[in-house]
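Examining the three-dimensional arrangement
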Amino acid sequence: MSGPFVYVTYIYTTPEKVWDAITKPEFARRYWMNYNVSDWKKGSRWEHRHGDDSGKVLINGTVLEADPPRRLVMTWTRPDGSKEASRVTFDIADYSPGLVCLTVTHDRLEGDDAMAGSIAGGWPKVLSNLKSFLETGKTENIWLTKNKEG
Amino acid sequence: MSGSAFVYVTYIRSPQQKVWDALTQPEFQKQYWFGGHQESDWKKGASWKMFMPAHGLTDSGEILESDPPNRVVIKWRNEFRPNLKEEGYSRCVMELSTEDELTKLTITHTIDKENSQFIQAVSGGWPRILSSLQSYLETGRPHGDTRSADTRNHMKD
């Protein structure tokens, strides 16, 4: 049984830039390496696609709430439909002048322990790289980095 | 094991030794830890104390394990809020490793108490401190005291 995964990060940027970084492929490819496709309206389908030429759909789902640039909620489903959908919520808040607080909550993971393990490793990589991207413009291919002692 | 835990992983574009120094040396801590700093020689068995500008001594304890620049374990108790102090000692593990150009930093903060108020408090504090640390090391610009009352009380959120 897997409880919710919550990750909070503070970024020197604007809520609009965080929203665009999540929802626009040209930005997401820079730090997530993969990218998301949707018209980002409530009830619309969204797809999380591999950043290579294949554009393979890795995850898909339905947009449950969209309130740009403050809040985005969507289901998170394996494309083969083999497990129940989980849910991802992005909350984007002004924290102090120039500083944005981004909270990512990934819940409803009770039916998919493998996904729970995968996203607990993945979100910190994605969100650390997002912060670097927005603050410095520099990113790393987070899915290829290797531990030097490993 | 029953108890409460907070885990946070962050990847910082900075050499592992620099991240270690930023975590352990007061002159660096004061830059990004909202003015706070710690006093310890970071050797096993050494005492450890944290000070914040508005409160003086806020936390204290002992270094349980030390393997610079890879790992340190701190026995850690809050000293200035009675409800947190009475929960007793927590255990904070800081682990660093190098992944290409990035340093992976994992903070695991646990206590042998269900629904711990102390762990709830540090769960608010760590993301702010570690975000400030990443900005400090990557851009030279840590997160300032821009919400002064809240920021000074960063471990009380």
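Predicted model only: the values in this text are computed from it and were never measured.

**Some thoughts on the confidence of the model for chain B**
Residues and elements named next belong to chain B.
- Put simply, chain B has an average pLDDT of 92, and 91% of its residues get 70 or more.
- Long-range and interchain partners of residues 146-157, a stretch whose pLDDT sits below 50, account for 23 contacts in this model, where long-range means more than four residues apart.
- Under the prediction, the complex receives an ipTM of 0.94, its pTM being 0.93.

**Some details on the packing of helix α1 (residues 16-24) of chain B against helix α4 (residues 117-139) of chain B**
All names here are of chain B.
- Their axes nearest at 11 Å, the elements α1 and α4 cross at an angle of 130°. Between α1 and α4, the angle is such that the two are oblique. Every pair of crossing elements has a handedness; the one defined by α1 and α4 is right-handed. Together, K18, V19 and A22 of α1 and L133, Y136 and L137 of α4 make up the contact between the two elements.
- Split into classes, the residues belonging to the contact of α1 with α4 amount to five nonpolar, no polar and one charged.

**Some points on the sheet that holds strand β3 (residues 47-52) of chain B**
All names here are of chain B.
- Strand order in this open sheet of seven strands is β1-β7-β6-β5-β4-β3-β2, and the pairing throughout is antiparallel. Both outer strands of the open sheet, β1 (4-12) and β2 (37-39), are each paired with one neighbouring strand and no more. Within this sheet the neighbouring strands show an average axis-to-axis angle of 25°, counted without direction.
- Where strand β5 (residues 71-78) lies against strand β6 (residues 90-99), six bridges are found, and the strand directions are antiparallel. Along β6, the bridge assignment pairs R71 with E95.
- Packed on one face of the sheet, α4 meets β1, β5, β6 and β7 (102-111) and runs near 5° to β1.

Definitions and cut-offs
- Residues numbered from 1 in each chain as written.
- Chains lettered and ligands numbered in written order.
- Predicted model: local features only at pLDDT ≥ 70, side-chain atom pairs only at ≥ 80, totals over all residues.
- pLDDT = per-residue confidence, 0-100.
- Contact = placed C-beta atoms within 7 Å.
- Axes fitted to C-alpha atoms, helices over the stretch in contact; angles between N-to-C directions.
- Helix = DSSP H or I, 4+ residues; strand = E, 2+ residues; numbered from the N terminus.
- Parallel < 35°, antiparallel > 145°, perpendicular 65-115°, else oblique.
- Left-handed = near helix turned anticlockwise from the far one by under 90°.
- Nonpolar A, V, L, I, M, F, W, Y, C, P; charged D, E, K, R; others polar.
- Pairing = 2+ DSSP bridges.

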